[in-house]
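# Structural overview
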Amino acid sequence: MNKYNEPNTLGRFGEYGGMYVSETLMPLLLDLDTSYQKIQKDKKFQKELSDLFKNYVGRPSSLHHAKNLSSYINGPKVYFKRDELNHTGAHKINNCLGQILLAKKMGKTRIIAETGAGQHGVATATVCALFGLPCNIYMGSKDIERQKPNVFRMKLLGANIIPVESGSKSLKDAMNEALRDWIKNVRDTFYIIGSTAGPHPYPKMVRDFQSVIGKEAREQILKVEKKLPDYLIACVGGGSNAMGLFYPFLNDKNVKIIGVEAAGKGPKTNQTAATMTSGTPGILHGSYSYVLQDNDGQIKEAHSISAGLDYPGVGPEHSYLKDIKRAQYFGVTDKEALSAFQLCSKLEGIIPALEPSHALAYLIKAFKNKHKGKTVILNLCGRGDKDLFTAAKAIGFDADE
Amino acid sequence: MNRLDNLPSKKILSLFMTCGFPNLTHSKKIFQEILSHQPNIIEFGLPFSDPMADGPIIQESSKIALKSKITTKQSLNLIKQLRKDSNQTSFVIMCYLNTVQKYGIKKFISDIKGIVDGIILVDLPFEEEAETKKLLDKSNVHLIKLISPMTDKIRSKRLLKEAKGFIYYISATGITGSNKLDYSEISKNVSSLKKLTKTPVLVGFGIKSKKDALAISKKTNADGIIIGSALIQKYFDAKMNFNKYIISLRKFINEVKI
């Protein structure tokens, strides 16, 4: 059997992925792909990145044995890969550092990005501050409202935040606007995409930069358990934290892989963001992958309590992993995620972001009283500070000053 | 026969309008008005929820059309009906790939065969086109090539090798209907394109007035122009009063027919 080494040169993971963009962007994407291939072999670049990972981000992030949660579940031994301990509070910084170093190499002088939960926006604003580049963040006005702490963070870091009023006023629309900005300012601008979505080479590039998560986790678990884990679990919106954890394990056939999507008010309702459980293959933001769409191919609005998972598409590599059955994907509702959010806080003393709370909810639901003697690594990809107001409101706690 | 193969050698006029905008009934009247001016080409935009290469005006028209619940099937029927009014004007569909894919690419092509002469798939670049192009070629529907100021000479050469119908030259690195026009850059780029192909080169994106149309004709080597956003803008200028809009549309098309 061939070792997993997707995608091919055109960015295809099986039939998914590709480069579906207008001709204005095409030369730039090809150029980006060439530059990306070069820096992969560039030792100086890789050294600079790993120094930043170590000294700026605080990597490696720890692998924490969540004993209390494990005994509550009464099933497998649960480990958290604690990427929420990273500088800026989530895994997003890994990718942003990689991309901004590349932008510098390519001589770009202006950075744009889209953001949903604001974690990618904060990470982008952070690396722009560090490297002294002007930063423009597109953010849906609905997300600006529900992620106020992150909006303020980005402003402190010197970013210009551009509210997006079109469509559902969330992540999908922010990405449309960022792409339009890029088409307009193609010569000097670098677009730091925050997820494993978008046209090639982004899904591959973002995965590669994030795969530091899985590489570390693999070494760490081998050290403490002397064997590979039985399960990997991560939440999936666009899918970058999940791909980052999964990728280094894809050739380990005995490691079962589970992605957890946000099913909003339920996978059979119209208010869901569970692309792979409720969607069909289509083209959105430059790549062919599962999307939420109607019979006429119009993209539907997603819904999730978590702004970071509120996206009607998903990275093409996830679609491929689903189809070849290398990974399984399940949906978790807003309600289930909220209870997991509270449970994890109480049991482990870790307030998780609402995004990984979905992964936690699935773990609690599906592994309760089962799979004893097995080990699980769950990617705790973000911390919950940014979600305090949203969660308080949903739980019915008055958190206003 | 493909009507695009018989375009005049100069001063080609192509007019873009979104199908189903502002609703199906009025849309038909708008297209009939446009058709009555006998432009060389009409471009029918199929509305899409996420038109990432379009500016705010075309975006808004798509949104309004979708709000009135227009479907791809209805758009194609509208085009079919309009074909009965004219066998002269070349018809071109401009849309995003997902619309065609969801409809079923083979069914889409068989539904437009003989009626539509060309198709512009905004988000289908050269690298991804092979399969689609084969199917289109079989039905004699030309796949129109877009060239941007970012497309270098080597790439242009590859793209234009099998170009048919016309070349859509994007006159500004921008989204539809935006940015100021830089005539010397357009002129330089159009001239170098014309060395690579005998297919007519049309300039689009950002032509807003008679002045722009004249300037493209006088200052560049282009074979024609494409106007889209400016036609739709008149609707908002007329405060969405349909009768007023038709009058101003008529006046504007008469002006840009140079």
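Right above here is the structure, for reference.
Reading guide: rules and limits
Residues numbered from 1 in each chain as written. Chains lettered and ligands numbered in written order. Predicted model: local features only at pLDDT ≥ 70, side-chain atom pairs only at ≥ 80, totals over all residues. Heavy atoms only, no water. Patch = residues over 30% accessible without salt bridge, like charges linked within 9 Å, V, L, I, M, F, W, Y side chains within 5 Å. Areas by Shrake-Rupley, 256 points an atom, 1.4 Å probe, with all protein chains shown as cover. Salt bridge = Lys/Arg side-chain N within 4 Å of Asp/Glu carboxyl O. Helix = DSSP H or I, 4+ residues; strand = E, 2+ residues; numbered from the N terminus. Buried < 20%, exposed > 50% of the residue type's maximum accessible area, 1.4 Å probe, protein only. Contact = heavy atoms within 4.5 Å. Buried area = accessible area lost by both parts, 1.4 Å probe. Nonpolar A, V, L, I, M, F, W, Y, C, P; charged D, E, K, R; others polar. Core = buried A, V, L, I, M, F, W, Y, C linked by side-chain atoms within 4.5 Å. Pairing = 2+ DSSP bridges. Axes fitted to C-alpha atoms, helices over the stretch in contact; angles between N-to-C directions.

### A look at a nonpolar patch on the surface
- There is a patch of nonpolar side chains on the surface, built from Phe152(A), Leu156(A) and Leu157(A) and spanning about 320 Å² of accessible area.
- With respect to the helices, strands and loops of the structure, Leu156(A) is situated in helix α7 (residues 148-156).

### With respect to the pattern of salt bridges
Residues and elements named next belong to chain A.
- Summed over the entire model, instances satisfying the criterion amount to 38 salt bridges over all chains.
- A salt bridge links Arg82 to Glu84, with the shortest nitrogen-to-oxygen separation between them at 2.5 Å. Side by side, Arg82 and Glu84 carry an identical accessibility label, which is buried.
- Of the charged contacts, one joins Asp208 and Arg207 as a salt bridge, the two residues approaching to 3.1 Å between their closest N and O atoms.

### As for the environment of Val314(A)
Residues and elements named next belong to chain A.
- Residue placement: Val314 occurs in the loop between β12 (287-291) and α13 (316-323).
- Using a relative accessible area of 3% as the deciding quantity, one classes Val314 as buried.
- Residues Val314 and Arg187, 127 residues apart in the sequence, show an inter-C-alpha distance of 28 Å.
- The residues touching Val314, leaving out its near neighbours within four places in the chain, are Val236, Gly237, Gly238, Glu261, Thr275, Met276, Ser289, Tyr290 and Ser319.

### Notes on the interface of chain B and chain A
- Listed by partner, the interface residues are 38 residues for chain B and 36 residues for chain A.
- Carbon and sulfur atoms supply 53% of the area buried between chain B and chain A, which totals about 3100 Å² over both sides.
- Of all residues in chain B, Met52(B), Lys102(B) and Met150(B) bury the most surface against chain A, accounting for 23% of the area lost on that side.
- Connecting chain B to chain A are 4 salt bridges.
- Among the ionic pairs, Arg12(A) bridges to Glu128(B), the shortest N-O distance being 2.5 Å.
- Among the secondary structure elements, those contributing two or more residues to the side of chain B that touches chain A are α2 (56-67), α4 (97-103), β6 (145-147) and α7 (153-160) of chain B.
- Top contributing element to the side of chain B that touches chain A by residue count: α4(B), with 5 residues.
- Counted by class, the side of chain B that touches chain A contains 18 nonpolar, 12 polar and 8 charged residues.

### Thoughts on the nonpolar core
- Ranked by internal contacts, the top residues of the largest apolar core, which has 185 residues, are Ile93(B), Phe166(B), Tyr168(B) and Ile227(B).
- Residue contacts for Tyr168(B): discarding those within four places in its chain leaves Glu43(B), Met94(B), Ile120(B), Ile144(B), Lys145(B), Leu146(B), Ile147(B), Leu202(B), Gly204(B), Phe205(B) and Ile226(B).
- Core analysis: the next-biggest nonpolar cluster, separate from the first, contains 33 residues, Ile73(A), Ile233(A), Ala302(A) and Leu380(A) among them.

### Observations regarding the sheet that holds strand β6 (residues 135-140) of chain A
All names here are of chain A.
- Pairing within the open sheet is parallel, and its 4 strands lie in the order β7-β6-β5-β8. The sheet is open, and its two borders are formed by β7 (160-164) and β8 (189-191), each paired with just one other strand. Here the strands of the sheet are splayed against their neighbours by 25° on average, with no regard to which way each runs.
- Judged from the 3 bridges that link them, strand β5 (residues 110-115) and β8 form a sheet pairing that is parallel. Paired with Arg110 across the two strands is Thr189, which belongs to β8.
- Helix α4 (residues 92-105) contacts β5 and β8 of the sheet and is inclined by roughly 155° relative to β8.

### A look at the side chain of Thr99(B)
- With respect to the helices and strands, Thr99(B) occurs in helix α4.
- Ignoring sequence-local partners within four residues, the contact set of Thr99(B) consists of Asp296(A), Leu46(B), Phe48(B) and Thr72(B).

Scope: geometric values only; no functional claims are made or implied.
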